[in-house]
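# Architecture and fold: a report
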Amino acid sequence: MGTLRIIATSGLIRGLIGQAIGAALGFGFVTLIRLGMGLESNPEPGAVFGALTSVIGFLAGAGVLTDWSKWALGKETPLRHGPQPGKPEWARYLHVDYNHKVIGIQYAVTSVLVLLVGGIFAITFRIELSLPGMQFLTYEQYNTLFSGHGIVMIASILLGVGAMVNYLVPLMIGASDMAFPRLNAFSYWVSVPAAVLILTGMAIGGWDTGWVAYPPLSLIAPLGVQLFVLGFFVNGFSSIAGSINLLITVATMRAKGMSLFKMPIFVWAAVAAALIQATATQTVGMALLMVVTQRVIGLNFFDPATGGDPVLYQHLFWFYSHPVVYVFVLPGLGVISELLPVFSRKPLFGYRWIALSSLGIALVGFLVWAHHMFVAGVDNTLRVFFMYATMFVAVPTGVKFFSWVATMWEGKLSFETPMLFVLGAISVFLIGGVTGPILGNIPTDMHLHDSYWVVGHFHATMFGGFVFPFFAALYYWYPKFSGRMYKESLGKLHFWLMTPGFWLMSLGQMQIGLLGMRRRVADYDPSLGYDTTHVVITVAGLIIGWSVLIMAYNLISSARSQPLAGNNPWNSRSPEWQISSPPPEFNYDVPFEVVGEPYDYGLAGSVYIRMDPSSSGE
Amino acid sequence: MSNRKHIYAVSALVVVGAIVTYFGLTALYKLPVGASTEATTIDQMFGVYFGLIAFWFALIMVFMLYAVVVFKRKPGDTEDAAHIHGNTTVEILWTVVPLVLVVALGVWGATTLKALTSEREGEMVVRVTGQQWSWSFEYPESDNLVSGDLVLPVNQPILLKMRANDVLHSFWVPEFRVKQDLVPGRDTELRITPTDIGDYMLRCAEICGLSHTDMLAKVRVVSQSDFDAWVKENSLPAMSELSTEERGALWYSTQGGFACSGCHTVDGSAGAGPTWLGLYGRQEALEDGTTITADDAYIRNSILHPADQIVAGFPNVMPPIYEAQFAAKEAEILAEENLTVDIIEDLIAYIKTLQE
């Protein structure tokens, strides 16, 4: 079969066609009913129903629902593992596949693609902002671009977290796959039509509410806001299903001897993140549905004229959307903790403290949401409670920083690209860390709230807590999932462009924020002294953008041309490095047994796992 | 070098690093001029936080960079490093010290917040209204005084009672430091005592739709005598003393309370909505391809039902809230002056005067 034919008949393309058909059917159905009832012409109800049916169309077209439909009819469904029959290996990645490693790579590739889309949005409005006055965008376009940038990047980060967790956790705990392989495939594939909805919302007129969609603005915003809100909502299914799957996998499928405190530290981080996703996502889903239903069928939740309350939405929204930033950063911080011992040749300092600090951050993270509402009209008693809770997050976060530095102390450090990105991550997350408490304290926040200081702060936490560690993870596990080593020189070039670029960008953002630059504005007064810094931020943003393209080139080109990496190029103790690269279809041909500590580097004769339990004498 | 010597060396470097970071930070990171008593209080906290930022940043960065330089693996060394997996004393120390610091800062923040929000003697109330995309300010202590600029007497404690008409907005004058959202359906409060005579700018800090960027208002802090003079000059006359055209101009302005001027210019320049210059009798091309003459009926309908007939090239962003607002205002005038006015008629009369 030719390449084109394989792509054209792939699950992905069939899914997209299914989505188009589903959208047309749903839209037509509602519009015809409305015509029949003689209602005034309004495309919105049809668009909303069409958006929902389009997701079902995608899932049906792609084949996500096939096995479940057969179950409903009582038919046999053997769990199909392995390449698509009669097609080359790469075709697996375009089809519904139940292998967690395939799904992990599907997540990773989608994440990077979506990251590039969100990055193009950012670069576009950064160029607009480099000079005062409007250059080439209208207010409408500007508002749509910054709103789209926010939600698209969040989608990208969730996909990236899904990539790391899916690929790594079963390998690290010695499982052959996730507990529910079909649900795992659903978790990935449902995020694709969600992304399509969000991008369609931007294309059909956009919206101007930012990614937060606060009512009453979101109630009167253009039609695009509906598709964005529905895309956001549908993506929640991915988070909930994925996190439940992960929790059950870790709870029930660990290798013999792997007690909780003997799990690789990344698994702790993944569990902490999954606990948040499994319990908080519903709340934002409800808040988003309330916006949709108030717009379409007039249920009143947020209009004060008839008893609604606009602030209610903010509580529901941030009850998820604050903890979710820990979903973004905890796996990233887990990567830092995972890689530091390998490149320092020393045990992870304070393993239990780091493990428990992840849970601590996850739990305290549930009690801090109203700091996003410090100036929203919340009374003082509540504000003070949330202030203390917010500032307590600094304590477990501090534990992580101190433990990382102590791990490196008196180690034998080497600086391959993954380690460079780990160090970059610590430095950038530190910028985010030290600029956070000043936002957590109410009086200083009254000045900084909704300013560019906040923009600088959260970009530093997102880059330090997710982007840098995610890139470190891509480089570090690249030899494992591709079998070959990436090009070290290009990896280092990427690092030395991106790190100073990012420092300049976020430090510049905080500088003008302190001076009074507001968030989410398309223009600024040239007399305020922001001009130079805005140019610096734009140039730094461009450098970051180019450096990511260098990474993409490196990862694509190295897959063919680079030398084979071998099983364990980093000399790691972790289980996934003790098997072939790439790993076999079912990971471990013989189950392993945990017989030591995961990070006992420097302890003579110690091993973490034994591959053949029959020889252990037990 | 022994571990103890490394610790001495790195500690000295942390001190140097913290000092350098602090001076760098204070040189490059400036707050706007402080022009209120709140700014004085809050800036003290900024000062302490900058010191803390410099210290914690230097502590981690210097330790990390020291390790990078000093504990670099030598070429050809394949041995692992020392087997150190933790130290409970150190772990407890770096948990408890930040905890104590957090509580102390929290107490300071809570006390300061109380001071910033509690009632002051001799407060003057200003009612702030925000709507897409303009501000208006009402001075209840003076009869009939509504302004599009916020004018405040210096050293006078002010209580801003704020309300949004349509969507969320946020009151932020960076020189005053404090910020507060305006929420539809409920009053929010903010207390300010301006201390420096001068001109400032109020900028909406909460995304509020298309022209959020342009939702500005001039803020002038003036002496008490200048303020008294301004009040005298700007208080509105009785409605019965005004012609319909004059009333229309008033409703159009931010001073009149409806702020049509937020989106519609009267000089022919572009706004979020079509300009009113030469509007009456103009042929308007609509979005649906038809053309219409702007007459009384069209203008009335466009105010009451803005989404009905959309002029080509303009987004449909005008909120359908004016019918209710006008009715309330008309009832108020009827009650106060026993005068029946039709605000839309006033506006049409005003628009007729705006010929090119």
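Quick caveat: nothing in here was measured; it's all calculated off a predicted structure.

What follows concerns the sheet that holds strand β5 (residues 158-164) of chain B. Strand pairing in a sheet relies on backbone hydrogen bonds. The paired strands run either parallel or antiparallel. On the basis of which strands lie adjacent, the open sheet formed by five strands has the order β3-β2-β1-β5-β8 (chain B) and mixed pairing. Taken across any chain shown, the strands that pair with only one partner, and hence form the sheet edges, are β3 (146-147) and β8 (188-192) of chain B.

A word on the domain arrangement of chain B. Many descriptions give the size of an interface as the accessible area lost when the pieces come together. Residues and elements named next belong to chain B. For chain B, the domain assignment lists domain 1 (3-68 + 89-117), domain 2 (124-234) and domain 3 (239-352). Once you take the C-alpha centre of each, domain 2 and domain 3 turn out to be 24 Å apart. Tallying the contact residues gives 13 residues for domain 2 and 13 residues for domain 3. When the buried surface of domain 2 facing domain 3 is broken down by residue, Q131, W133 and V146 rank first, second and third, together holding 38% of it. Where domain 2 packs against domain 3, one counts zero salt bridges. The tally of links from domain 2 across to domain 3 stands at one residue pair in polar contact (both at pLDDT 80 or more). Of all elements in the fold, only β2 (134-138) and β3 reach the threshold of two or more residues within the side of domain 2 that touches domain 3. The leading source of residues in the side of domain 2 that touches domain 3 is β2, at three residues. Residue classes in the side of domain 2 that touches domain 3 are distributed as four nonpolar, nine polar and no charged.

On to empty space enclosed by the protein, then. All names here are of chain B. Going through the model one piece at a time under the given rule, you end up with eight cavities of 30 Å³ or more. Of the pockets and cavities examined, the largest cavity occupies roughly 570 Å³. H264, G273, P274, S302 and M318 are the residues nearest the centre of the largest cavity, which is lined by 32 residues in total. Of all the elements, helix α6 (residues 296-304) adds the most residues to the lining of the largest cavity, at four residues. Classifying every residue of the lining of the largest cavity by side-chain character gives 24 nonpolar, seven polar and one charged. Of the volumes computed, that of the second largest cavity is approximately 220 Å³.

With that settled, the discussion passes to the interface of chain B and chain A. Contact residues are listed per partner, giving 87 residues for chain B and 94 residues for chain A. When chain B packs against chain A, close to 8,000 Å² is buried across both sides, 68% of that on carbon and sulfur atoms. The largest per-residue losses of area from chain B upon contact with chain A belong to Y29, R73 and W94 of chain B, which jointly make up 9% of the total buried on that side. At the surface where chain B touches chain A, the tally comes to four salt bridges.

Ranked by internal contacts, the top residues of the largest apolar core, which has 285 residues, are W189 and F471 of chain A together with W135, Y139 and F171 of chain B. At 21 residues, helix α6 (residues 139-173) of chain A tops the list of elements feeding residues into this core. Those residues in contact with F471 of chain A that lie beyond four places of it in its chain are L115, F421, H494, M498, V548 and M551 of chain A. Listed in part, the 28 residues of the second largest apolar core include I299, V311, F326 and I348 of chain B.

A word on the sheet that holds strand β10 (residues 216-222) of chain B. Residue and element names in this part refer to chain B. What the five strands build is an open sheet, ordered β4-β10-β9-β6-β7; its pairing is mixed. At either end of the open sheet lies a strand with only one pairing partner, and these are β4 (150-153) and β7 (179-182). Sheet twist, expressed as the mean angle between neighbouring strand axes with direction ignored, is 25 degrees. With six bridges connecting them, strand β9 (residues 198-204) and β10 associate as antiparallel partners. Looking across to β10, one finds that G198 is bridged to V221. Strands in contact with helix α4 (residues 224-234) are β4 and β10; relative to β4, the strand with the most contacts, it is inclined by about 135 degrees.

Analysis parameters
Residues numbered from 1 in each chain as written. Chains lettered and ligands numbered in written order. Predicted model: local features only at pLDDT ≥ 70, side-chain atom pairs only at ≥ 80, totals over all residues. Heavy atoms only, no water. Pairing = 2+ DSSP bridges. Helix = DSSP H or I, 4+ residues; strand = E, 2+ residues; numbered from the N terminus. Domains from an automatic or database assignment. Contact = heavy atoms within 4.5 Å. Buried area = accessible area lost by both parts, 1.4 Å probe. Salt bridge = Lys/Arg side-chain N within 4 Å of Asp/Glu carboxyl O. Polar contact = N/O pair within 3.5 Å; in protein donor to acceptor, adjacent residues only side chain to side chain. Nonpolar A, V, L, I, M, F, W, Y, C, P; charged D, E, K, R; others polar. 1 Å grid on protein atoms, 1.4 Å probe; cavity = no way out; pocket = protein on both sides within 12 Å on 5 of 7 lines; lining within 4 Å. Points joined across faces, edges and corners; volume = space filled by probe spheres on them. Core = buried A, V, L, I, M, F, W, Y, C linked by side-chain atoms within 4.5 Å. Buried < 20%, exposed > 50% of the residue type's maximum accessible area, 1.4 Å probe, protein only. Axes fitted to C-alpha atoms, helices over the stretch in contact; angles between N-to-C directions.

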